[in-house]
Amino acid sequence: MVQIKTPEQIATMRAAGLVVAAIHAATREAAVPGASTKDLDEVARKVLAEHGAKPNFLGYGGFPATICTSVNEVVVHGIPSEDVVLKDGDIISIDCGAIVDGWHGDAAYTAFVGSGHAPELIELSRVTEESMWAGIAAMKQGSRLVDVSRAIETYIRRQPKPGGGRYGIIEDYGGHGIGTEMHMDPHLLNYVDRRRGKGPKLVPGFCLAIEPMVSLGTPRTEVLQDDWTVITTDGTWSSHWEHSVALTEEGPLVLTAPDGGKAKLAELGITAAPDPLG
């Protein structure tokens, strides 16, 4: 069952989303050569405490940290550690969430550590982020869940990959509903699988965490012995971007973007819904 939210509930989710945006800003600034991923986790903890919000990752299924820190070939669910120290040229995807009054926010971004990154890595992150926005732009009343999946996949497939070949759209992980829980129905694939049908119709109150994960090689992954860390099976580096989005009567509202998605959606010819928190 898909949980449909009232405008008041969406406003509370927006409050949670703004906390997530604050965590992103703080961890992005802290993701420098010499910092450990545990350092970044501590930064996130402080931001949550400052806002009086709760972490939704810590303890989730036994996860031992506040954020996920996924470096280079790690796709998702990397566990922060004192032993993982960032170095010049790394890329890191930071996934985090917050709970405000029982309602969740969840978002991820990919950051470049230091300088000297290969053009193919810069393009990988750009393609992944832009495919997320293509999916957000497809959140329209009357559309179906598969339309969001199709928009993400179509954008990625249309981008030429430096050096040839195709980007790997990660198959085992995708987006999801979000609300009173972090992960809820429906599951959102980042590609079209005709066996799954069209999925539910998108109506006002529908909230999704849209999160493409893309690699420079394979779409396949494996989980390490810690039962959390997910890596590409061929060792190629990957990017992960995510926003939580609510569909309202007045259009999409990007709950975890500082401006509610207004500027980026305007570039795509879409008017973002008004921010319920002003």
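Refer to the structure above for everything that follows.
The structure displayed is predicted, hence computed values, not measured ones.

A. Focus on the packing of helix α1 (residues 7-30) against helix α2 (residues 37-51). The N-to-C vectors of α1 and α2 enclose an angle of 145°; their axes lie 9 Å apart at closest approach. For α1 against α2, the interelement crossing comes out right-handed. Along the contact surface, α1 presents V19, A22, I23, A26, T27 and A30, while α2 presents L40, V43, A44, V47, L48 and H51. For the contact of α1 with α2, the class distribution of residues is 10 nonpolar, 2 polar and no charged.

B. Inspection of the sheet that holds strand β1 (residues 67-71) at higher detail. The sheet built from 3 strands is open, its strands ordered β1-β3-β4 with antiparallel pairing. Whereas interior strands pair on both sides, the edge strands pair on one side only; in this sheet they are β1 and β4 (103-112). Put simply, the sheet's adjacent strands are angled 15° from each other on average, direction ignored. Bridging between β1 and strand β3 (residues 91-100) involves 5 bridges; their strand directions are antiparallel. Residue pairing in the sheet places S70 in a bridge with S93 of β3. Against the sheet, α1 touches β1, β3 and β4, its axis set at about 25° to β4. Contacting β1 and β3, α2 crosses the sheet at an angle of about 150° to β1.

C. Region of interest: the pattern of salt bridges. Using the criterion set out here, one finds 9 salt bridges in the structure. Each member of the salt-bridge network shares a partner with another, and the members are E130, K264 and E267.

D. Representation of unusual backbone geometry within the structure. A cis geometry characterises the amide bond from D185 onward to P186, with omega recorded as 0°. If you trace the backbone, P186 turns up in strand β7 (residues 184-188). The backbone of D101 shows a phi angle near 50°, a positive value even though the residue is not glycine. Within the fold, D101 resides in the loop between β3 and β4. Notably, D227 is not glycine yet its phi reads approximately 70°, a positive angle.

Rules used in this analysis
- Residues numbered from 1 in each chain as written.
- Predicted model: local features only at pLDDT ≥ 70, side-chain atom pairs only at ≥ 80, totals over all residues.
- Heavy atoms only, no water.
- Axes fitted to C-alpha atoms, helices over the stretch in contact; angles between N-to-C directions.
- Helix = DSSP H or I, 4+ residues; strand = E, 2+ residues; numbered from the N terminus.
- Left-handed = near helix turned anticlockwise from the far one by under 90°.
- Contact = heavy atoms within 4.5 Å.
- Nonpolar A, V, L, I, M, F, W, Y, C, P; charged D, E, K, R; others polar.
- Pairing = 2+ DSSP bridges.
- Salt bridge = Lys/Arg side-chain N within 4 Å of Asp/Glu carboxyl O.

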